[in-house]
Amino acid sequence: MVQMNKTGKRKLKRAVYAGSFDPVTNGHLWIIRKAVELFDEVIVAIGVNPDKHCSFSVEERLEMLLAVTQEFPNLRVEVFENQFLVNYAQSVGANYIIRGIRTASDYEYERTMRYINTDLHPDITTIFLLPPREYAEVSSTMVKGLVGPQGWEQVIRQYLPEPVCLKLVEMHHKP
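Residues numbered from 1 in each chain as written. Predicted model: local features only at pLDDT ≥ 70, side-chain atom pairs only at ≥ 80, totals over all residues. Heavy atoms only, no water.

1. Some words on the pattern of salt bridges
Piece 1. Under the criterion given, the structure shown has twelve salt bridges.
Piece 2. The partner of Glu162 in a salt bridge is Arg157, with the nearest N and O atoms 3.2 Å apart.
Piece 3. The exposure class of Glu162 is partly exposed, given its relative accessible area of 43%.
Piece 4. Accessibility expressed as a relative area gives 33% for Arg157, which makes it partly exposed.
Piece 5. Among the ionic contacts, a cluster of salt bridges with common partners joins Arg14, Glu41, Arg76 and Glu78. (Salt bridge = Lys/Arg side-chain N within 4 Å of Asp/Glu carboxyl O. Buried < 20%, exposed > 50% of the residue type's maximum accessible area, 1.4 Å probe, protein only.)

2. Details of the UniProt feature "domain: Cytidyltransferase-like" (unreviewed entry) in the chain
Piece 1. Feature annotation in UniProt assigns "domain: Cytidyltransferase-like" (unreviewed entry) to the following positions: residues 16-144.
Piece 2. Between the end C-alpha atoms of residues 16-144 there is a gap of 25 Å, over a span that is 45% helix and 22% strand. (UniProt positions renumbered as here; feature names shortened; annotations may be inferred. Helix = DSSP H or I, 4+ residues; strand = E, 2+ residues; numbered from the N terminus.)

3. Describing the sheet that holds strand S2 (residues 41-48)
One key point about sheets: their strands pair by backbone hydrogen bonds, in either a parallel or an antiparallel sense.
Piece 1. The strand order S3-S2-S1-S4-S5 describes an open sheet built from five strands, whose pairing is parallel. At either margin of the open sheet sits one strand with a lone partner, and together these are strand S3 (75-81) and strand S5 (125-129). The average angle at which neighbouring strand axes cross in this sheet is 30 degrees, direction not considered.
Piece 2. Against the sheet, helix H4 (residues 104-120) makes contact with strand S4 (96-100) and S5, and its axis sits at roughly 165 degrees relative to S5, the strand it touches most. (Pairing = 2+ DSSP bridges. Axes fitted to C-alpha atoms, helices over the stretch in contact; angles between N-to-C directions. Contact = heavy atoms within 4.5 Å.)

Put into structure tokens, the structure is as follows:
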């Protein structure tokens, strides 16, 4: 069924995929690839949480996301702060929020947030995507925890897109 807007035109399916992306991983990139296949437009939104310590600045995270998503013509990258994700989604005209689920605890948290989001904006649907097994354990926190021991530069390559890997190596080898 094709949704139409009030003027009788096809309604654009716009989705927001938000996170801190500190840094963006291959797991994030898998979700982004699926999202651009499913939706007319995808906004990858870097959420700024002043209480969360990030390894990369907002500008660096934006730069890395732009580098690894430039192949997708129906995607844009933005930054938002000091607002609920569902309110941000509503402000950019998104009909959907995309969330990745890796573990049972992710599911429990995201299920609760989905109900709260529906209370605030019942017109915005949350879509859960489960990555394949090879990305199920990959998180930004896990990757950052691998940095340091001898040979870490080679180990992280399987979890990060190349531009992100280079940025992380560069950051940790600065004098």
